[in-house]
There are 4 protein chains.
Amino acid sequence: MTDPAISSDAPLPRRDEDDRTTINELKAVVARFVDERNWHEFHNPKNLVMSLAIETAELMEHFQWRTPDESLVIMDDPEQAHAVGEEVADCLAYLLAIASKLDIDLSTTLRAKMVRNAVKYPVPPKSEPTEP
Amino acid sequence: MTDPAISSDAPLPRRDEDDRTTINELKAVVARFVDERNWHEFHNPKNLVMSLAIETAELMEHFQWRTPDESLVIMDDPEQAHAVGEEVADCLAYLLAIASKLDIDLSTTLRAKMVRNAVKYPVPPKSEPTEP
Amino acid sequence: MTDPAISSDAPLPRRDEDDRTTINELKAVVARFVDERNWHEFHNPKNLVMSLAIETAELMEHFQWRTPDESLVIMDDPEQAHAVGEEVADCLAYLLAIASKLDIDLSTTLRAKMVRNAVKYPVPPKSEPTEP
Amino acid sequence: MTDPAISSDAPLPRRDEDDRTTINELKAVVARFVDERNWHEFHNPKNLVMSLAIETAELMEHFQWRTPDESLVIMDDPEQAHAVGEEVADCLAYLLAIASKLDIDLSTTLRAKMVRNAVKYPVPPKSEPTEP
């Protein structure tokens with residue numbers, strides 16, 4: 001049986017890609033882009049973290065004047081949804097570039113950090129949310 | 001000769017996890033953490049993008065007074081390497097939380113963005129690096 | 001009738017200092033601090049703008065989990081008020097250091113920018129607030 | 001005797017304005033701009049600190065791909081100098097808006113912070129610069 005996503009002419013089901021894409025596959029997408037353009041001279045970690053901060057601010061710009069409630073429905077506006085997606089992608093691209101450059105295994109690092117976070121913020125005994 | 005990482009009882013080699021971990025698996029790690037603590041009240045997109053910006057700044061702090069060249073060898077110092085890894089993990093955790101909250105498929109969105117970036121920054125004909 | 005702030009022996013009322021302090025006086029406070037510590041090697045503009053971003057994020061941290069309404073009353077808590085004041089001062093110190101290093105006259109530049117902003121955002125004819 | 005800056009046709013001496021302009025005068029420039037546009041609804045402290053972070057990132061953008069040495073001469077390029085000045089002015093405008101909204105006397109707060117910083121970073125006995 002063939003994968004319908006490959007065999008058919010239908011567009012790829014958008015929602016499923018994160019379910020089948022590994023971190024390294026996305027790291028490779030970004031690394032190839034940088035390689036092809038010969039940008040390694042500029043892509044030192046200091047510059048890359050500045051870039052991540054800049055892209056994060058561009059993402060924030062979409063939420064700057066919205067209330068928290070309004071921020072919850074931002075994706076209802078297709079134009080906003082597209083723009084927000086673009087900024088999230090830019091943030092991810094730089095974060096993956098940083099991880100590749102610093103040789104950080106994100107899966108291991110994230111899981112280890114969440115274990116430490118769980119010690120710092122224990123699960124409350126079924127009650128009020130504690131401030132994060 | 002067999003790969004010792006596979007044949008022995010030694011812990012999995014750290015570098016391989018990103019090769020077998022999907023985006024959704026990491027999204028799930030973060031989502032479960034937030035669920036267990038009942039933090040959804042605080043985790044609206046407006047607050048989450050602020051949080052990403054704050055964690056990014058904490059990452060930047062490690063590069064603030066280093067030269068670009070010094071930033072290239074930051075991971076040679078084990079203490080710095082650990083601290084930088086923690087901040088990268090925090091950034092990734094918030095970025096995954098944002099994507100989950102906004103229902104963004106990161107793999108699709110990143111690839112689509114890189115296609116648009118490739119149009120914006122065409123591969124140069126084997127020459128000097130162009131400024132990114 | 002004389003100004004009691006001048007005529008009495010009482011300590012100067014805190015609220016009045018911004019009324020009698022020039023930009024250059026504050027620039028000088030920061031410049032002397034940097035000079036005395038011989039930090040000019042580190043204080044290139046690239047590092048200073050990173051520093052401003054880091055301090056701004058530390059200021060944001062106090063507002064991260066507050067609602068906009070809660071942010072309006074943050075100064076009612078004396079401990080919070082002190083901490084927020086410290087971060088605002090750090091932001092201002094770096095902004096003044098940047099202006100000194102780049103030889104920017106802030107008063108001229110700010111006024112000129114506000115004139116351009118006024119063209120971009122004309123005063124509405126007594127009606128609803130327009131989004132900034 | 002009349003002020004030559006007023007009576008003559010010569011442009012105002014740019015460098016001197018910070019020497020004669022008080023913090024409150026600049027606070028008033030920003031406050032009037034916000035008042036006239038009736039933006040107080042949007043200008044809660046949470047939104048304003050996000051705005052400061054966004055403007056700071058726009059300032060950082062000009063230094064993103066420059067080396068520290070290149071950042072030292074950024075003002076030699078008139079176009080860059082103008083653009084950098086605009087971003088610095090935007091940062092200052094939001095910082096003044098934050099201070100006004102939170103009723104912070106910047107002169108008092110900055111001086112008090114620098115005194116605490118001086119305790120934290122004592123002047124070294126005429127030697128190597130210590131890292132800030």
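A brief report on the enclosed structure follows. (Residues numbered from 1 in each chain as written. Chains lettered and ligands numbered in written order. Predicted model: local features only at pLDDT ≥ 70, side-chain atom pairs only at ≥ 80, totals over all residues. Heavy atoms only, no water.)

## What about the overall build of chain A?
Part 1 of the reasoning: The helix and strand tally for chain A stands at seven helices and zero strands.
Part 2 of the reasoning: The order of α-helices and β-strands along chain A, N terminus first, is α-α-α-α-α-α-α.
Part 3 of the reasoning: For chain A, with 132 residues in total, the buried portion stands at 52%.
Part 4 of the reasoning: A sequence separation of at least 24 residues applies to 61% of the contacts in chain A between residues at least 6 apart.
Part 5 of the reasoning: For chain A, the exposed surface amounts to about 6400 Å²; the carbon and sulfur share of it is 55%. (Helix = DSSP H or I, 4+ residues; strand = E, 2+ residues; numbered from the N terminus. Buried < 20%, exposed > 50% of the residue type's maximum accessible area, 1.4 Å probe, protein only. Contact = heavy atoms within 4.5 Å. Areas by Shrake-Rupley, 256 points an atom, 1.4 Å probe, with all protein chains shown as cover.)

## Describing the pattern of salt bridges
Part 1 of the reasoning: Summed over the entire model, instances satisfying the criterion amount to 24 salt bridges over all chains.
Part 2 of the reasoning: Across the pair Lys27 of chain B and Asp18 of chain A runs a salt bridge whose closest N-O atoms are separated by 2.6 Å. In this pair, Lys27 of chain B is assigned in helix 3 (residues 23-37) and Asp18 of chain A in helix 2 (residues 17-20), connecting two distinct chains.
Part 3 of the reasoning: One salt bridge connects Lys113 of chain B with Asp90 of chain A, and the closest N-O pair in it is separated by 2.5 Å. Of the two residues, Lys113 of chain B sits in helix 7 (residues 106-120) while Asp90 of chain A sits in helix 6 (residues 78-101), which places them in two different chains.
Part 4 of the reasoning: For Asp90 of chain A, a relative accessible area of 12% gives the class buried.
Part 5 of the reasoning: If you follow the salt bridges from partner to partner, you end up with Glu17 and Arg20 of chain A together with Arg111 of chain B in one network. (Salt bridge = Lys/Arg side-chain N within 4 Å of Asp/Glu carboxyl O.)

## Describing the relation of the copies chain D and chain C
Between the two chain copies there is a screw-like relation: a rotation about an axis and a shift along it.
Part 1 of the reasoning: Overlaying chain D on chain C yields an RMSD of 0.0 Å, the required transformation being a rotation through 180 degrees with an accompanying axial translation of 0.0 Å. Taken together, the rotation angle and the small translation identify this as a two-fold axis. For chain D, the smallest separation between a C-alpha atom and the rotation axis is recorded for Thr22 of chain D, amounting to 2.0 Å.
Part 2 of the reasoning: Both copies contact each other with a shared surface, as 100% of the interface residues of chain D are interface residues in chain C too. (Least-squares fit on C-alpha atoms with pLDDT ≥ 70 in both.)

## What about the interface of chain D and chain C?
Part 1 of the reasoning: Taken together, the contacts link 81 residues of chain D with 81 residues of chain C.
Part 2 of the reasoning: With both sides pooled, the region where chain D packs onto chain C buries about 7500 Å², and carbon together with sulfur makes up 67% of that total.
Part 3 of the reasoning: Counting the surface chain D buries against chain C, the share from its top three residues, Asp18, Lys46 and Leu110 of chain D, is 9%.
Part 4 of the reasoning: For the interface between chain D and chain C, the tally reads eight salt bridges.
Part 5 of the reasoning: Summed over the shared surface of chain D and chain C, the result is 34 residue pairs in polar contact (both at pLDDT 80 or more).
Part 6 of the reasoning: Those elements that provide at least two residues to the side of chain D that touches chain C are helix 2 (17-20), helix 3 (23-37), helix 4 (45-61), helix 5 (68-72), helix 6 (78-101) and helix 7 (106-120) of chain D.
Part 7 of the reasoning: The element contributing the most residues to the side of chain D that touches chain C is helix 6 of chain D, with 14 residues.
Part 8 of the reasoning: Of the residues assigned to the side of chain D that touches chain C, the class counts are 41 nonpolar, 17 polar and 23 charged. (Buried area = accessible area lost by both parts, 1.4 Å probe. Polar contact = N/O pair within 3.5 Å; in protein donor to acceptor, adjacent residues only side chain to side chain. Nonpolar A, V, L, I, M, F, W, Y, C, P; charged D, E, K, R; others polar.)

## Describing the packing of aromatic side chains
Part 1 of the reasoning: Taken as a whole, this structure holds twelve aromatic pairs over all chains when the rule is applied.
Part 2 of the reasoning: On the basis of an interplanar angle of 75 degrees and a centroid distance of 6.3 Å, the ring pair of Trp65 of chain B and Phe42 of chain C is categorised as edge-to-face. Remark: Phe42 of chain C occurs in the loop between helix 3 (23-37) and helix 4 (45-61) and Trp65 of chain B occurs in the loop between helix 4 (45-61) and helix 5 (68-72); the pair is interchain, linking two chains. Here Trp65 of chain B and Phe42 of chain C have matching classes, each one buried.
Part 3 of the reasoning: With centroids separated by 5.8 Å and ring planes inclined at 70 degrees, the aromatic side chains of Phe33 of chain D and Trp39 of chain D adopt a geometry described as edge-to-face. (Phe/Tyr/Trp six-rings, centres within 6.5 Å; stacked < 30°, edge-to-face > 60°.)

## Concerning the environment of Glu55 of chain B
All names here are of chain B.
Part 1 of the reasoning: Mapped onto the elements, Glu55 comes out in helix 4.
Part 2 of the reasoning: For the pair Glu55 and Glu86, spaced 31 residues apart in sequence, the C-alpha to C-alpha distance is 9.8 Å.
Part 3 of the reasoning: Excluding residues within four positions of it along the chain, Glu55 makes contact with Glu87, Asp90, Cys91 and Tyr94.

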